[in-house]
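Here is what each chain is made of, one letter per residue.
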Amino acid sequence: MTLEKLTLDELEALYREAPLGPLPAGCFSGRMLHMLGTPGARRPLVRAVDWLLFDAPRYGIDFERRRWWFLHPRLAAGHFEVTRGRSRWRETETLRLTYQRSRLPRPIRALLYDEVKPLSPSLCLGLGGIDAERGEGDHFFFALTTTP
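1. Some remarks on the side chain of D114
Inference 1: Residue position: D114 is located in strand β7 (residues 112-120).
Inference 2: Here Y99 takes part through its side chain, which lies 2.6 Å from a polar atom of the side chain of D114.
Inference 3: Among the polar contacts made by the side chain of D114, one reaches the main-chain amide nitrogen of G129 at a distance of 3.4 Å.

2. Focus on the pattern of salt bridges
Any two side chains of opposite charge can pair, on the condition that their charged atoms come close.
Inference 1: Evaluation of the coordinates by the stated rule reveals seven salt bridges.
Inference 2: A salt bridge links R43 to E136, with the shortest nitrogen-to-oxygen separation between them at 2.7 Å. Of this pair, R43 sits in the loop between α2 (39-42) and α3 (44-54) while E136 sits in the loop between β8 (123-130) and β9 (138-146); the two residues are 93 residues apart in sequence, bridging distant segments of the chain.
Inference 3: Take R43: its relative accessible area is 40%, and that puts it in the partly exposed class.
Inference 4: In this structure, R86 engages E91 in a salt bridge whose closest nitrogen and oxygen atoms are separated by 2.8 Å.
Inference 5: Residue class for R86 comes out partly exposed when judged on its relative accessible area of 41%.

3. Some remarks on the layout of surface pockets
Inference 1: Approximately 510 Å³ is the volume attributed to the largest pocket.
Inference 2: Where the lining of the largest pocket is concerned, the elements lending two or more residues are α3, β3 (67-70), α4 (106-111), β7, β8 and β9.
Inference 3: Among the elements that take part in the lining of the largest pocket, α3 stands out by supplying six residues, more than any other.
Inference 4: Of the residues in the lining of the largest pocket, the class split is 15 nonpolar, three polar and two charged.

4. Focus on unusual backbone geometry
Inference 1: Here R66, not a glycine, exhibits a phi torsion of approximately 55°, which is positive.
Inference 2: One can find R66 in the loop between β2 (59-62) and β3.
Inference 3: Under the relative-accessibility criterion, R66 is labelled partly exposed at 25%.
Inference 4: The backbone of L71 sits at a positive phi, close to 75°, despite the residue not being glycine.

5. Overview of the environment of K5
Inference 1: Mapped onto the elements of the fold, K5 is located in the segment before α1 (8-17).
Inference 2: A relative accessible area of 71% places K5 in the exposed class.
Inference 3: Distance from K5 to L33, taken between C-alpha atoms, is 8.8 Å for residues 28 residues apart in sequence.

6. What to know about a nonpolar patch on the surface
Inference 1: Nonpolar side chains collect at one region of the surface, where L45, V49, W51, L52 and L53 lie side by side and expose about 510 Å² of accessible area between them.
Inference 2: Along the chain, the position of V49 falls in helix α3.
Inference 3: Since its relative accessible area comes to 37%, V49 is described here as partly exposed.

About the cut-offs
Residues numbered from 1 in each chain as written. Predicted model: local features only at pLDDT ≥ 70, side-chain atom pairs only at ≥ 80, totals over all residues. Heavy atoms only, no water. Helix = DSSP H or I, 4+ residues; strand = E, 2+ residues; numbered from the N terminus. Polar contact = N/O pair within 3.5 Å; in protein donor to acceptor, adjacent residues only side chain to side chain. Salt bridge = Lys/Arg side-chain N within 4 Å of Asp/Glu carboxyl O. Buried < 20%, exposed > 50% of the residue type's maximum accessible area, 1.4 Å probe, protein only. 1 Å grid on protein atoms, 1.4 Å probe; cavity = no way out; pocket = protein on both sides within 12 Å on 5 of 7 lines; lining within 4 Å. Points joined across faces, edges and corners; volume = space filled by probe spheres on them. Nonpolar A, V, L, I, M, F, W, Y, C, P; charged D, E, K, R; others polar. Patch = residues over 30% accessible without salt bridge, like charges linked within 9 Å, V, L, I, M, F, W, Y side chains within 5 Å. Areas by Shrake-Rupley, 256 points an atom, 1.4 Å probe, with all protein chains shown as cover.

Listed below in structure tokens is the structure:
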């Protein structure tokens, strides 16, 4: 499955309707798929920050170490905890990534929240954003694929 070719409506439907797979294992590379049109995502500063962190550079997630990485998997930061449960932003079950135990500065740590829906052992669909309700917190869809 190639998520990059799906429209925003198709990504929305896939995220809601796909069954939740098992917790991913290993290291994944990320790719931004679509910015959302939510009020929170339309703010110019939010768009700039989301582009700067999740569209311009190479990034991904190491599910073994439970960390995001930027530029190279060895440059990991943003330790997260994973829980299965109801999505904050969509009517579906998902993996929720929270950052309370991260060593990032508290103001940054308090803003972070993401969701990931495993579609197969090598592919996940994610919703990125901040720790806020639907419309404010959900900013973009991203794909995660296993790294070689």
